[in-house]
Amino acid sequence: MDKNNKIPFDEDNYTHNINKNNERKLDRRGFMKTMVGAAGLFAVSTLPWGSIAATELMGLREKKYAKKEIIDVNKLKVGEAFEFAYPTDHDSALLVRLGDNEYRAYQNACTHLRCPVFWEKEKSELVCPCHHGFFDVKTGSPTAGPPRRPLPEITVQVEGGKIVATGVKRYET
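Residues numbered from 1 in each chain as written. Predicted model: local features only at pLDDT ≥ 70, side-chain atom pairs only at ≥ 80, totals over all residues. Heavy atoms only, no water.

Colleague: Just to check I follow, could you spell out the overall build of the protein for this structure?
Modeller: Of the regular secondary structure elements, the protein holds 1 helix and 10 strands. In the protein, which comprises 173 residues, the proportion classed as buried is 26%. Put simply, 40% of the contacts in the protein that link residues at least 6 apart link residues at least 24 apart. Carbon together with sulfur atoms contributes 54% to the accessible area of the protein, which is approximately 12,700 Å² in total. (Helix = DSSP H or I, 4+ residues; strand = E, 2+ residues; numbered from the N terminus. Buried < 20%, exposed > 50% of the residue type's maximum accessible area, 1.4 Å probe, protein only. Contact = heavy atoms within 4.5 Å. Areas by Shrake-Rupley, 256 points an atom, 1.4 Å probe, with all protein chains shown as cover.)

See the structure below:
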């Protein structure tokens with residue numbers, strides 16, 4: 001370099017043109033400030049979704065389910081079962097009539113690996129054929145096999161000669 005801090009010849013390599021055209025406006029410190037700011041903005045923007053998820057997982061809010069007619073009381077005999085969809089058309093469920101005025105309904109997916117559950121009338125129990133899981137029909141609790149959690153129970157009632165699904169009970173630990 002000469003006395004005027006200029007290179008005495010034209011040079012166009014990367015070591016001498018670093019400050020040309022604002023190429024180094026963002027240094028390491030500036031980059032880190034930008035990243036920390038972006039992370040903070042992301043964290044703050046996810047707070048509403050996190051609070052909704054926490055409320056749902058802790059069961060602080062009661063879910064509302066629409067009532068749905070399942071079947072006429074006269075069409076289901078004592079000891080028989082009927083398959084239906086509840087709470088959505090994609091959720092399979094099973095209704096079992098245990099007595100004249102006694103009904104139990106459960107979501108029809110084993111709590112082990114979500115295989116379908118079937119009513120075995122002769123043994124009065126619900127059976128998962130995939131891994132030989134068995135459930136008590138009165139409580140939905142597992143009695144044998146790999147399942148450890150009870151089947152989610154669907155609340156039902158009789159209205160005007162029809163069996164109606166009214167909701168799904170929360171799983172309690």
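Colleague: Would you take a moment to explain the UniProt feature "transmembrane region" (unreviewed entry) in the protein for this structure?
Modeller: As recorded in UniProt, the feature "transmembrane region" (unreviewed entry) lies at residues 35-58. Here residues 35-58 is 100% helix and 0% strand, with 33 Å between the C-alpha atoms at its ends. (UniProt positions renumbered as here; feature names shortened; annotations may be inferred.)

Colleague: Explain the state of the cysteines here, please?
Modeller: Disulfides are covalent bonds that link the sulfur atoms of two cysteine residues. Tallying each qualifying case throughout the model produces 1 disulfide. Here Cys115 engages in a disulfide with Cys130; their sulfurs sit 2.2 Å apart. One quick way to see it: the torsion about the S-S bond of Cys115 and Cys130 is about -110°, and its sign makes the bridge left-handed. Remark: Cys130 occurs in the loop between strand S6 (125-128) and strand S7 (133-136) and Cys115 occurs in the loop between strand S4 (102-107) and strand S5 (118-120); sequence separation between them is 15 residues. Given the relative accessible area of 39%, Cys130 is considered partly exposed. With no disulfide of its own, Cys110 lies closest to Cys128 among cysteine sulfurs, the gap being 3.7 Å. For Cys110, a relative accessible area of 3% translates into the label buried. (Disulfide = S-S within 2.5 Å.)

Colleague: So what exactly am I meant to see when it comes to the nonpolar core here?
Modeller: A general trend in soluble globular proteins is that nonpolar side chains are found buried together. With 14 residues, the main nonpolar core has Ile70, Phe84, Leu95, Ile154 and Ile163 as its most contacted residues. At the level of secondary structure, the elements contributing two or more residues to this core comprise strand S1 (68-72), strand S3 (92-99), S4 and strand S10 (162-168). Here the element with the most residues in this core is S10; it accounts for 3 residues. For Ile70, the residues in contact, after removing those within four places along its chain, are Phe82, Phe84, Leu95, Val156, Ile163, Val164 and Ala165. Listed in part, the 12 residues of the second largest apolar core include Val96, Trp119, Phe135 and Val137. (Core = buried A, V, L, I, M, F, W, Y, C linked by side-chain atoms within 4.5 Å.)

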